[in-house]
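These are the residues of each chain, in order.
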Amino acid sequence: MDAVGTRRSGRERPGGTTLTVEPNTLATSPPDGDAVVRVEGLWKVFGKNPERVFDEEYRGLSKTELQARTGCVVGIRDVSFDVRPRELFVLMGLSGSGKSTLIRTLIRLIEPTRGMLSVDGQDVAAMSTRELLEFRRRSISMVFQSYGLLPHYTVLQNSAYGLKLRGDDQKTREEKARAALATVGLTGWESYYPDSLSGGMQQRVGLARALATDPDILLMDEPFSGLDPLIRRQLQDEFVDLQDQIGKTIVFVTHDLHEALKLGDRIAIMRDGEIVQIAEPEEILSNPHDDYVRAFTRDASTAGVFTARTVMDDPEVLLYRWQGPRAALAELVHQKRDWAFMVDKKHRYLGICSRDLVDTLIKEGNKHIEAADLIRPDPVDPDVLIQDLFGLVGAGSYPLPVTDADGTLLGVIRPRSILEALHTPDPAEEASDA
Amino acid sequence: MLEFPDWLRLPLAGPVDQAMAWILTNLSGLFDWIGAVGLRILISVEQALVGVPWFVLVIVVGLVAWRAIGKWTSGLGMAVLLILVGTFGYWAEAMTTLSVVIVAVAIAVAVGIPIGILMAWSDSVKRVLRPILDGMQTMPSFVYLIPALMLFGLGRVPATFATLIYAIPPVIRLTDVGIREVPSATIEAARAFGANRWDLLRDVQLPLARPAILVGINQTTMMALAMVVIGSMIGNRGLGMEVLLAINRVDIGKGFEAGLAIVFLAIVIDRISNGFARRRTVPVVSAAAPTETEDDAEDIPGEPEHVA
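Residues numbered from 1 in each chain as written. Chains lettered and ligands numbered in written order. Predicted model: local features only at pLDDT ≥ 70, side-chain atom pairs only at ≥ 80, totals over all residues. Heavy atoms only, no water.

### What to know about the overall build of chain B
Then comes step 1: A count of helices and strands for chain B gives 12 helices and zero strands.
Then comes step 2: Secondary structure elements in chain B, listed N-terminal to C-terminal, are α-α-α-α-α-α-α-α-α-α-α-α.
Then comes step 3: The proportion of buried residues among the 308 residues of chain B is 43%.
Then comes step 4: The contacts of chain B with a sequence gap of at least 6 include a subset with a gap of at least 24, amounting to 77%.
Then comes step 5: Only carbon and sulfur atoms are counted for the fraction: they give 69% of the accessible area of chain B, which is about 16400 Å². (Helix = DSSP H or I, 4+ residues; strand = E, 2+ residues; numbered from the N terminus. Buried < 20%, exposed > 50% of the residue type's maximum accessible area, 1.4 Å probe, protein only. Contact = heavy atoms within 4.5 Å. Areas by Shrake-Rupley, 256 points an atom, 1.4 Å probe, with all protein chains shown as cover.)

### A look at the packing of helix H4 (residues 91–121) of chain B against helix H11 (residues 239–249) of chain B
All names here are of chain B.
Then comes step 1: At a closest axis distance of 7 Å, the pairing of H4 and H11 adopts a crossing angle of 120 degrees. With respect to their mutual orientation, H4 and H11 come out oblique. Mapping the contact onto sequence places Glu93, Ala94 and Thr97 in H4 and Leu239, Gly240 and Glu242 in H11.
Then comes step 2: For the contact of H4 with H11, the per-class residue count stands at two nonpolar, two polar and two charged. (Axes fitted to C-alpha atoms, helices over the stretch in contact; angles between N-to-C directions. Parallel < 35°, antiparallel > 145°, perpendicular 65-115°, else oblique. Nonpolar A, V, L, I, M, F, W, Y, C, P; charged D, E, K, R; others polar.)

### Side note on unusual backbone geometry
Then comes step 1: One non-glycine residue with positive phi stands out, namely Asn49 of chain A, at about 45 degrees.
Then comes step 2: Tracing the sequence through the fold places Asn49 of chain A in the loop between strand S1 (37–46) and helix H2 (63–70).

### Overview of the side chain of Gln323 of chain A
All names here are of chain A.
Then comes step 1: By secondary structure assignment, the location of Gln323 is in the loop between strand S11 (318–320) and helix H15 (325–334).
Then comes step 2: The exposure class of Gln323 is buried, given its relative accessible area of 19%.
Then comes step 3: Gln323 has contacts with Ala328 and Ile369, leaving out every residue within four places of it along the chain.

### Observations concerning the sheet that holds S1 of chain A
All names here are of chain A.
Then comes step 1: Ordered by their spatial adjacency, four strands build an open sheet running S2-S1-S4-S5, and the pairing between neighbours is antiparallel. Of all strands in the sheet, those bounded by a partner on one side alone are strand S2 (73–83) and strand S5 (122–123).
Then comes step 2: Pairing between strand S4 (residues 114–119) and S5: two bridges, direction antiparallel. If you follow Val119 over to S5, its bridge partner there is Gln122. (Pairing = 2+ DSSP bridges.)

### Description of the pairing of strand S13 (residues 349–354) of chain A
All names here are of chain A.
Then comes step 1: Here S13 lies mainly inside the structure; six of its six residues are buried.
Then comes step 2: Of the strand pairs in this sheet, strand S12 (residues 339–343) and S13 are connected by five bridges, and their pairing is antiparallel. Within the sheet, the bridge partner assigned to Val343 lies in S13 and is Tyr349.
Then comes step 3: Connecting the antiparallel pair S12 and S13 is a turn made up of five residues, with His347 showing a positive phi of about 65 degrees.

### Observations concerning helix H9 (residues 229–246) of chain A
Residue and element names in this part refer to chain A.
Then comes step 1: Taking 1.5 Å per residue, 18 residues should reach 26 Å; H9 reaches 25 Å between its end C-alpha atoms and fits that length.
Then comes step 2: Regarding H9, the residues found buried are Ile231, Arg232, Arg233, Gln234, Leu235, Gln236, Asp237, Phe239, Val240, Leu242 and Gln243.
Then comes step 3: Looking one or two places after H9, you find Gly247, whose phi comes out positive at around 55 degrees. (Expected span 1.5 Å × (residues − 1).)

### Here we look at the confidence of the model for chain B
Then comes step 1: When pLDDT is averaged across chain B, the result is 85; 90% of the residues are at 70 or more.
Then comes step 2: Note on residues 282–308 of chain B: pLDDT under 50 across the span, and 56 contacts to partners over four residues away in sequence or across chains. (pLDDT = per-residue confidence, 0-100.)

### Description of the sheet that holds S12 of chain A
All names here are of chain A.
Then comes step 1: Across the sheet, three strands lie side by side as S11-S12-S13; this open sheet has mixed pairing. Only two strands of the sheet have a single partner each, and these edge strands are S11 and S13. Mean inter-strand twist for the sheet, computed between neighbouring axes without regard to direction, equals 40 degrees.
Then comes step 2: In this structure, S11 lies alongside S12, joined through three bridges in parallel fashion. Within S12, the residue paired with Tyr320 across the bridge is Val343.
Then comes step 3: Relative to the sheet, H15 contacts S11, S12 and S13, its axis offset from that of S11 by approximately 170 degrees.

### What to know about the packing of aromatic side chains
Then comes step 1: Tallied over the entire structure, the rule returns 16 aromatic pairs over all chains.
Then comes step 2: When the centroid spacing of 5.4 Å and the interplanar angle of 75 degrees are considered together, the rings of Trp121 of chain B and Trp198 of chain B count as edge-to-face. Of this pair, Trp121 of chain B sits in helix H4 while Trp198 of chain B sits in helix H10 (residues 197–230), and the two are 77 residues apart along the sequence.
Then comes step 3: On the basis of relative accessible area, Trp121 of chain B is assigned to the partly exposed category, the value being 27%.
Then comes step 4: The class of Trp198 of chain B is exposed, set by a relative accessible area of 56%.
Then comes step 5: Positioned above the aromatic ring of Trp339 of chain A is the side chain of Arg337 of chain A, whose terminal nitrogen or guanidinium carbon lies 5.3 Å from the ring centre.
Then comes step 6: Over the face of the ring belonging to Trp121 of chain B we find Arg197 of chain B, whose NZ or CZ atom lies 4.4 Å from the ring centre. (Phe/Tyr/Trp six-rings, centres within 6.5 Å; stacked < 30°, edge-to-face > 60°. Lys NZ or Arg CZ within 6 Å of the ring centre and 35° of its normal.)

Structural data, given as structure tokens:
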């Protein structure tokens, strides 16, 4: 879990600007020559004669009004955005907000009605059927919420399916598919059929299938939403690691704000087929564009309410300074720990005493542990908002000590606790995690 | 006054007769040729069946039934039923009947599955075909005998033709249903990886529709068997002819024997084709024991107090 925090602060976000799109006005994206995916003024209108929607008389009508007047349903409305190389771009919204339609128009599983759509410099909207097939076979892959595996294919055959479609020979297919399966941790399961795998493992197969063709871009349509909370979180964590290794450009659809905040470099929030706000996670939380986004982020904004005090735990093992190195070692060994917080007689925080330290002291024949020898992460105030702890908690692999004004150790904050506090959508999920 | 008015009568019989007459005058050569080819095929299938020693056929049927149904007792049972047909003295007749069924079903499958695929692909094809298929199944089967008789004369060729028409709807319908019921998510995923229409058909739709198609073939076979008996009325020899003769002579015993022989044949064919349709198409597991994978993220470095 703490790996996530590390990455969040450690990873350099591609570009630092925040783009806010005004509803109903064409967003002019900043000129970004590097963009891998470029979408400009994209519309998808369902129904008969969708072009009617663009008539002068209907301009500026809302989705409901348009539906009542023309019978056409606007799926995507004048959407523009860029995705930069190696960026994880999240499309987030409630169901019916158009996010799934939007991700499908990127490979024309759903044909856009109007607008500019380019991927890797290729004009996707203008592709012929043949070009489109080649594009899907080589440049881009997709992972689905419902996995979409072929039940009569083994795990290996499933992950090789994209390679089969593009005509790779048997040997190449198998090699690449095996490699992809190894990447997602499914080595040994090659000859099984999807039916015999759990949901989480089936989704790994889906991911392996997408990675096997080594595409430039991954599209992920709520890949983890169908899984139970524990597996979901685990896959999210693994996926973050994976993304670090493979560095794909990813468009990721989710309705789960926590997931968006955890994974996204930038988040686009959608409503009624429009993009309401595109911004980095921090910006979305701290500066929501309007009430809709605010409502969306409300449960996540517990991050602003929760303080260090509310999420801290008791330190499970404490060492006291008057204990000598041998006593400390005995305690550490007994508790099966590599390190523990150390306090003085008044329970004041001194630092972290590691086994390496006591080992060295014992070797040197030293009978005392000096406070100066301890590792000393800066303590935090109990009233600090956990939002502000993100950066700190990732900095080292130790929990953060929480001390009062006198320096008394009140508790410790594990990186996990912070994420869990952010992650508390419902009590049931909490319970299953405990 | 209350009777249906004469002037509202729409004489359909006339045009149908005329069309038939036109076909007979202008296309008789074609139908003669089809009839000749059909007869050749039917005779060679029958000769093949009769040519095989009876015990070899019994053993083969037993083994196939065992494999299809999955129990050796069932295989044995099917073999016994086939022997019983022989003990009634109807082995040759049963083979004649079987040859007509086999040819009719083979043609029905060869024609029906592609039609079913077209029906699944196109809603407009489905709209046109559905009432026709409904009609074909509701029409009294005897009616098919008349055009068959006129086109091909008496004998097993018109009987096969009538059987084909009568028996083809299920395989068409169930191919259509099977393909349409393939989960759209699976189709979408295959399309996302660049599958074209044929890739979809070969890799996704036909394999997933297989159970439904096999059920369709099973139903088609059973309907063919029912029709082939009625085909005896236009001169198709075989078990049906024996029943017909027994009726004419009011020979209850003979009729019962021949009827029972048909029932046994039907059971054998039904159980075997049904067995193939029901068999699990997807094995759950194949070789190789797996290692645990679900828990391998448990050891996250840097978090020694990981409490699960």
